[in-house]
Amino acid sequence: MPCRSEKMEGQVVGGMFRLFRNRLPRLRAGPPQDNLGEDVKEPERAQEHCLPNFAGGQHFFEYLLVVSLKKKRSGDDYEPTITYQFPKRENLLRGQQEEEERLLGAIPLFCFPDGNEWAPLTEYPRETFSFVLTNVDGSRKIGYCRRLLPAGRGPRLPKVYCIISCIGCFGLFSKILDEVEKRHQISMAVIYPFMQGLREAAFPAPGKTVTLKSFIPDSGTEFISLTRPLDSHLEHVDFSSLLHCLRFEQILQIFASAVLERKIIFLAEGLSTLSQCIHAAAALLYPFSWAHTYIPVVPESLLATVCCPTPFMVGVQMRFLQEVMESPMEEVLLVNLCEGTFLMSVGDEKDILPPKLQEDILDSLSQRINELQTLEQINEHVSGPFVQFFVKTVGHYASYIKRDANGQGHFQERAFYKALPSKANRRFVKKFVKTQLFSLFIQEAEKSKNPPAGYFQQKILEYEEQKKQKKPREKTVK
């Protein structure tokens, strides 16, 4: 089965900033903003404008960057370099400045993760992808990227437009990148007022729309509407590539491996397939979050990550297959997305989940799959059975958090898994409660006096209501 690389809306290429902050290659002397004059110049008013510090969740983005390939002074290799930055940061405290420089130093590596052996091209497929950097304090920044060949004649090198934000909403940011690309074809100066207007706009609530007014020379004033999906837990997911590359049974085995926090490596040719599929695999864990090493497209300089003894979920381009196969690895699930095969596995992936619940997931996935037309329908269809799996196995967690006089919760682990009537479900949950996935989830639940009013809680309540309605019917039948 061939890899699909043309459709790239809503992908995540990830990186754990804390893993490599001391291993990044030195890009150039001086802060990245010192390099702006080489390719483009920001309008004068942008030079003078100093925005307040970014407050996570309040603004659309922190930075718009252009990352270009520059030939090294020695040899024929290229290195990615930030050649445009909006806005510039001034008046930062020393610690803040150092942190910003580390962030900006990491970004080029993830805009061009496929190495530094480039040559000027006349054709290059336009790609949209994203990456995640996790800082030492646990905060995350997402880079939304559009990689393309700039307008011009003759051979030239691709460049990347990169928007850095703390907000995960990939379809929406893909539309913003469309607007950036359209304006760049006119002039870099036209991008500035659009991005300035975006930075001043409030990020919409789920299901809401924000409308921006933007002037384009020779076209006049345009109104751009940006709508956030109503179901926010799926706004950062696109399951279509995962379904294209793998069978349902294989997706279920990847899910089982991830639930027990094992090492998983995805292999594919392009950034698109890797970033979409690995992010979709991580999203299957909802309402739990993967907290270990997560680098959906591993830069060439970080390939040693596959030797890490701790859990990880990483993606590697197929060109590095030989290096991966020669690396010392234990208990790894190695997924070839191009062929739809497992090159390595532990061997027990089919036995991790309770058999009856595995059947339920596969039955749900196979129903009406050919009738799905929109991305929203596909996402809901794929995500639903896995959410239901967690509802059936751990959805009763809130009843086993006992609170002391101060309101602090204490989880009753033994009573929790013994409450499950199915022996197979109990065996699974006894293992699952030992994972960091569950521990982090339950720690948050212990702190909160009320269950979170989210999608997972809604599905728990629906399931409990179904059970109540089922009991009277069973008594009537008897």
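Residues numbered from 1 in each chain as written. Predicted model: local features only at pLDDT ≥ 70, side-chain atom pairs only at ≥ 80, totals over all residues. Heavy atoms only, no water.

**Q** Is there a simple way to explain the pairing of strand β4 (residues 127-134) in this structure?
**A** Consecutive side chains along a regular strand alternate between the two faces of the sheet. A large share of β4 lies buried, amounting to eight of its eight residues. Judged by which residues are buried, β4 turns out to be covered on both faces: E127, F129, F131 and L133 on one side and T128, S130, V132 and T134 on the other are all buried. With eight bridges joining them, β4 and strand β5 (residues 140-148) adopt antiparallel strand pairing. Directly across from F131, in β5, lies its bridge partner G143. (Buried < 20%, exposed > 50% of the residue type's maximum accessible area, 1.4 Å probe, protein only. Helix = DSSP H or I, 4+ residues; strand = E, 2+ residues; numbered from the N terminus. Pairing = 2+ DSSP bridges.)

**Q** For this particular structure, what's the right way to read helix α11 (residues 375-394)?
**A** Note on helix geometry: an α-helix contains 3.6 residues per turn, so any two residues three or four positions apart are oriented the same way. Taking 1.5 Å per residue, 20 residues should reach 28 Å; α11 reaches 28 Å between its end C-alpha atoms and fits that length. In the structure, α11 departs most strongly from a straight axis at G384, where the bend amounts to approximately 30° and where the proline P385 lies between one and four residues downstream. For α11, the tally of buried residues reaches 14 of 20 residues, placing the bulk of the element in the interior. (Expected span 1.5 Å × (residues − 1). Bend = angle between axes of the 7 residues up to and from the residue.)

**Q** I keep staring at a negative patch on the surface and nothing clicks. Help me out?
**A** There is a patch of like negative charges on the surface, built from D76, D77, E117, E300, E323 and E326. A relative accessible area of 58% places E326 in the exposed class. (Patch = residues over 30% accessible without salt bridge, like charges linked within 9 Å, V, L, I, M, F, W, Y side chains within 5 Å. Areas by Shrake-Rupley, 256 points an atom, 1.4 Å probe, with all protein chains shown as cover. Salt bridge = Lys/Arg side-chain N within 4 Å of Asp/Glu carboxyl O. Lys, Arg positive; Asp, Glu negative; His and termini not counted. Charge placed at Lys NZ, Arg CZ, Asp CG, Glu CD.)

**Q** Is there a simple way to explain unusual backbone geometry in this structure?
**A** It is generally the case that most residues other than glycine have a negative phi and that most peptide bonds are trans. Of the consecutive residues F86 and P87, the connecting peptide bond is found in the cis state with omega at -10°. Relative to the helices and strands, P87 resides in the loop between β3 (78-86) and α3 (94-111). Cis rather than trans, the peptide bond between Y286 and P287 has omega equal to 15°. Here P287 lies in the loop between α8 (271-283) and β10 (293-295). The phi dihedral of E261 falls on the positive side, at around 55°, and the residue is not glycine.

**Q** Even after reading the chapter, I still don't get the environment of M313, so can you show me in this structure?
**A** Here M313 is to be found in strand β11 (residues 312-317). For the pair M313 and I265, spaced 48 residues apart in sequence, the C-alpha to C-alpha distance is 6.0 Å. Apart from residues no more than four positions distant in its own chain, M313 is found in contact with A258, I264, F266, I278, A282, W290, T293, Y294 and I295. (Contact = heavy atoms within 4.5 Å.)

**Q** Is there a simple way to explain the pattern of salt bridges in this structure?
**A** Opposite charge on two side chains makes pairing possible when the charged atoms of those side chains draw close. Applying the stated rule across the entire model yields 18 salt bridges. Linking E62 and K141 is a salt bridge whose minimum nitrogen-to-oxygen distance equals 2.7 Å. Of this pair, E62 sits in the loop between α2 (44-48) and β2 (63-71) while K141 sits in strand β5, and the two are 79 residues apart along the sequence. Across the salt bridge formed by K459 and E462, the nearest N and O atoms sit 3.3 Å from each other. Placement of the pair is K459 and E462 together in helix α15 (residues 455-477), with a separation of three residues, close to one helical turn. Exposure remark for E462: the relative accessible area of 32% places this residue in the partly exposed category. Connected through salt bridges with shared partners, the residues R126, R146, D178 and E181 form a single ionic network.

**Q** How do you make sense of the environment of R319 when you look at a structure like this?
**A** Looking at the element boundaries, R319 is found in the loop between β11 and α9 (321-325). Expressed as a C-alpha distance, the spacing of R319 and D114, which sit 205 residues apart in the sequence, is 8.9 Å.

**Q** Please explain the packing of helix α4 (residues 170-184) against helix α5 (residues 188-200) as it appears in this structure.
**A** Helix-helix packing: each pair is described by the crossing angle between the helix axes and the interaxial distance. With their axes 7 Å apart at the nearest point, α4 and α5 run at an angle of 150° to one another. As summarised for this structure, α4 and α5 are arranged roughly antiparallel, according to the angle between their axes. When α4 is examined against α5, the residues I176, E179, V180, R183 and H184 are found in contact with a partner set consisting of M188, V190, I191, F194, M195 and L198. Residue composition of the contact of α4 with α5, by class: eight nonpolar, one polar and two charged. (Axes fitted to C-alpha atoms, helices over the stretch in contact; angles between N-to-C directions. Parallel < 35°, antiparallel > 145°, perpendicular 65-115°, else oblique. Nonpolar A, V, L, I, M, F, W, Y, C, P; charged D, E, K, R; others polar.)

**Q** Honestly, the pairing of β2 in this entry has me stumped. Any pointers?
**A** Most of β2 is tucked away, with eight of its nine residues classed as buried. Where β2 and strand β6 (residues 159-165) come together, six bridges link them in antiparallel fashion. Counterpart to V67 in the pairing with β6 is V160. Here β2 runs beside β3; their pairing, made up of eight bridges, is antiparallel. Looking across to β3, one finds that K70 is bridged to E79.

**Q** Looking at this model, I keep getting lost on the side chain of R146. Mind explaining?
**A** In this structure, R146 sits in strand β5. For R146, a relative accessible area of 0% puts it in the buried group. Reaching out from R146, the side chain makes a polar contact with the side chain of D178 at a distance of 2.8 Å. Among the polar contacts listed, one links the side chain of R146 to the side chain of E181, at a separation of 2.6 Å. Not counting the four nearest positions on each side in its chain, R146 is found in contact with R126, E127, T128, K159, V160, Y161, S174, L177, D178 and E181. (Polar contact = N/O pair within 3.5 Å; in protein donor to acceptor, adjacent residues only side chain to side chain.)

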